[in-house]
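Now for the letters of each chain:
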Amino acid sequence: MSAAPGLERPQVVSHAQQALNYTVFDCKWVPRSARLLCLGSAARGTGLVQLYELRGARLELLREIEKPKPIKCGTFGATSLQQRYLATGDFDGNLNIWNLEAPEIPVYSVKGHKEIINSIDGVGGLGIGEGAPEIVTGSRDGTVKVWDPRQKDTPVANMEPVQGESKRDCWTVAFGNAYNQEERVVCAGYDNGDIKLFDLKTMSLRWETNIKNGVCSVEFDRKDINMNKLVATSLEGKFHVFDMRTQHPTKGFASVSEKAQKSTIWQVRHLPQNRDIFMTSGGSGSLHLWKYEYPAQRSKKDSEGAEMGVAGSVNLLQNVTLSTQPISSLDWSPDKKGLCVCGAFDQTVRVLIVTKLNKI
């Protein structure tokens, strides 16, 4: 790992911050707006959704919505840009979809899991990715389910442990490979270090590996292209970048791993405007900005003549410590390059600007 040259190093600038009186678990930009959402748990055990607008260097609270159960995660990924409905997963295993203009009753609701929904992702909406608008949820109950909001009550896919296999806590899920109407995969990461890649076209397990430590976050660099790269972060401060273009029959996908810090890497998020730049958020209250460098050749033939991938390298562009508590959620603005929001367990939401991203 080498740091980028000093001259053009991006800077991570704190632009606005807001103290909260509850625990924030997730934060999201509202597409095509200067608004953002904070999702979490109030002290009395209820769920909260707060809608803020960025006005200059301050955040103004526009609306606060309280729900019966703490909310763990949210996504806009399966909605249209016109509707911008928010899908959420809560501590009771409920998947709800909300119209934020009229949030009293969900527009879609299903008891998706027996236990907390840890992670949620959406695809086929916002004009990103081909195919049906679908939502994937991963739960402590060990199952990963894919939902089509147009179909009531039952998931379109259910990935659960086979008979006799112990159930593992699923901590993170992500869609990928949605480059046409037929293709789509879901990647899931579990508390024991398992990473599983489910092919939704063939309804089969396409690949699995183990990174020897709880998988906190997985994300493809883009959902709507032929699988390119996948980043997985772990409990012990390491992350792994898998080159997903070439799958070897026995060795799987080539990868490079990096020890980013001493504590948990809670999340990874790729820059929407440049798929080779990503940010990781850490248990030590820090953010690290990385750039992936491709190798001269992305694949080579093994002794048997089978194609195998070649991993690239990662460079640290910048790191900054913002909080004494873990930064548990992170989201780039899809519309303004370099604008991002993060939520931390010090009960603060921060809007940051990352400079010079067009120069690297």
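Keep in mind the model is a prediction, meaning the values are calculated, not measured.

Regarding the UniProt feature "repeat: WD" (unreviewed entry) in the chain
Line of reasoning, step 1. Per the UniProt annotation, the sites labelled "repeat: WD" (unreviewed entry) are residues 135-148.
Line of reasoning, step 2. With 0% helix and 64% strand, the stretch residues 135-148 has end C-alpha atoms that lie 6 Å from each other.

Comments concerning the packing of aromatic side chains
Line of reasoning, step 1. Within this structure, the stated rule accounts for 8 aromatic pairs.
Line of reasoning, step 2. Judged by centre distance (4.9 Å) and plane angle (85°), the rings of Trp207 and Phe253 are edge-to-face. With Trp207 in strand β17 (residues 204-210) and Phe253 in the loop between β20 (238-243) and β21 (255-259), this residue pair connects regions lying 46 residues apart in the sequence.
Line of reasoning, step 3. Phe253 gets classed as buried once you look at its relative accessible area, which sits at 6%.
Line of reasoning, step 4. The interplanar angle of 65° and the centroid separation of 4.8 Å between the aromatic rings of Phe239 and Trp290 together place this pair among those described as edge-to-face. Of this pair, Phe239 sits in strand β20 while Trp290 sits in strand β24 (residues 286-293), and the two are 51 residues apart along the sequence. A single burial state applies to Phe239 and to Trp290, both of which are buried.
Line of reasoning, step 5. Aromatic rings pair up to connect Phe25, Phe91, Trp266 and Phe345 into one cluster.
Line of reasoning, step 6. The aromatic ring of Tyr108 is capped on one face by Lys152, whose charged end is 5.0 Å from the ring centroid.
Line of reasoning, step 7. Sitting above the plane of the Phe175 ring, Arg184 keeps its charged end 5.8 Å from the centroid.

Points about the sheet that holds strand β4 (residues 47-55)
Line of reasoning, step 1. One open sheet holds the 4 strands; their spatial order is β2-β3-β4-β5, and the pairing between them is antiparallel. Two strands close off the open sheet at either side, each with one partner strand: β2 (23-29) and β5 (58-67). If you compare each strand with its neighbour and ignore which way they point, the axes differ by 25° on average.
Line of reasoning, step 2. Direction of pairing for β4 relative to β5: antiparallel, over a ladder of 9 bridges. Of the residues in β5, the one forming a bridge with Leu48 is Glu66.

Overview of the pattern of salt bridges
Line of reasoning, step 1. Taken as a whole, this structure holds 23 salt bridges when the rule is applied.
Line of reasoning, step 2. In this structure, the salt-bridge partner of Lys201 is Glu183, at a minimum N-O distance of 3.1 Å. One end of the pair, Lys201, is in the loop between β16 (194-199) and β17; the other, Glu183, is in the loop between β14 (170-176) and β15 (185-190), with 18 residues separating them in the sequence.
Line of reasoning, step 3. Note on Lys201: relative accessible area 48%, which makes it partly exposed.
Line of reasoning, step 4. Counted as one network, the salt bridges with shared partners bring together Arg35, Glu53, Arg55, Arg58 and Glu60.

Cut-off values and rules
- Residues numbered from 1 in each chain as written.
- Predicted model: local features only at pLDDT ≥ 70, side-chain atom pairs only at ≥ 80, totals over all residues.
- Heavy atoms only, no water.
- UniProt positions renumbered as here; feature names shortened; annotations may be inferred.
- Helix = DSSP H or I, 4+ residues; strand = E, 2+ residues; numbered from the N terminus.
- Phe/Tyr/Trp six-rings, centres within 6.5 Å; stacked < 30°, edge-to-face > 60°.
- Buried < 20%, exposed > 50% of the residue type's maximum accessible area, 1.4 Å probe, protein only.
- Lys NZ or Arg CZ within 6 Å of the ring centre and 35° of its normal.
- Pairing = 2+ DSSP bridges.
- Axes fitted to C-alpha atoms, helices over the stretch in contact; angles between N-to-C directions.
- Salt bridge = Lys/Arg side-chain N within 4 Å of Asp/Glu carboxyl O.

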